[in-house]
Amino acid sequence: MSPVFHTARADIPAYRTKDGSEIRELMHPDVHGNRQQSLAEATVPPGTRTLLHRHRLSEELYHVTAGHGVMILGERRFLIAVGDTVHIAPGTAHALENSGDQPLVVLCACSPAYRHDDTELLEAEAGSGV
């Protein structure tokens, strides 16, 4: 596959991940031919949260582009808002909670690239509200 050097958000369909967030894979090796990382946009609707989960292999960076909420990172809980960036080490339990009245939108950079089979849910689906 030859690499794609440009994508347009409007052309990328959204899907739900295991954690319950709505995701658009802006750049992913399986689709675009880049090699070692992925970049996605996650949206968490107002009043909902993602399921607590972790990734065995992927290191993640979350960068908030809209809304605000609470980041659950291991034993810590802290407020996040536009412009904030969070590092999530492999194996660290994490979730996002939208405490606002607008969608919480986060860019998610993963290395190695995101894989469904690298996501381990740490709570039952019923708790998500998403």
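Placed above this text is the structure.
Throughout what follows, the structure given in this document is the object of discussion. This one's a predicted model, so the numbers in the text were calculated from it and none came from an experiment. Throughout, a residue's number is its position along its own chain's written sequence, starting from 1. Predicted model: local features are reported for residues with pLDDT of at least 70 only, side-chain atom pairs are reported and counted for 80 or more only, and whole-chain, interface and lining totals are derived from all residues. As a rule here, side-chain values cover all heavy atoms of the structure and leave hydrogens and water aside.

Right, let's talk about the sheet that holds strand β8 (residues 85-88) for a bit. Paired strands are those between which DSSP finds at least two bridges. Only DSSP runs of H or I with at least four residues qualify as helices, and only runs of E with at least two residues qualify as strands; both kinds are numbered from the N terminus onward. The strand order across the open sheet built from six strands is β1-β2-β3-β10-β5-β8, with neighbouring strands paired in antiparallel fashion. A single partner strand is all that each edge strand has here, and the edge strands are β1 (15-16) and β8.

Our next topic: the nonpolar core. Nonpolar side chains tend to gather and get buried jointly when the protein is soluble and globular. If you look at the biggest cluster of nonpolar residues, it comprises 15 residues, and the most contacted ones within it are Tyr-62, Met-71, Ile-80, Val-86, Leu-96, Leu-104 and Val-106. Breaking this core down by element, the ones donating at least two residues are β3 (38-44), β5 (59-66), β6 (68-73), β8 and β10 (104-111). Side-chain atoms within 4.5 Å link the members of a nonpolar core, which is a set of buried Ala, Val, Leu, Ile, Met, Phe, Trp, Tyr and Cys residues. Exposure is judged per residue with a 1.4 Å probe applied to protein chains only, and the accessible area is read against the type maximum: over 50% gives exposed, under 20% gives buried, and values in between give partly exposed.

What follows concerns empty space enclosed by the protein. Only protein atoms enter the calculation, which uses a 1 Å grid: trapped sets of points that fit a 1.4 Å probe without letting it out are cavities, open sets showing protein on both sides within 12 Å along at least five of seven lines are pockets, and any residue with an atom within 4 Å of a point is a lining residue. Grid points are joined across faces, edges and corners, and a volume is the space filled by probe spheres set on the points. In this structure the tally under the stated criterion is one cavity of 30 Å³ or more. As a volume, the largest cavity reaches approximately 160 Å³. Elements with a minimum of two residues in the lining of the largest cavity: β2 (22-27), β3, β4 (53-55), β5 and β10.

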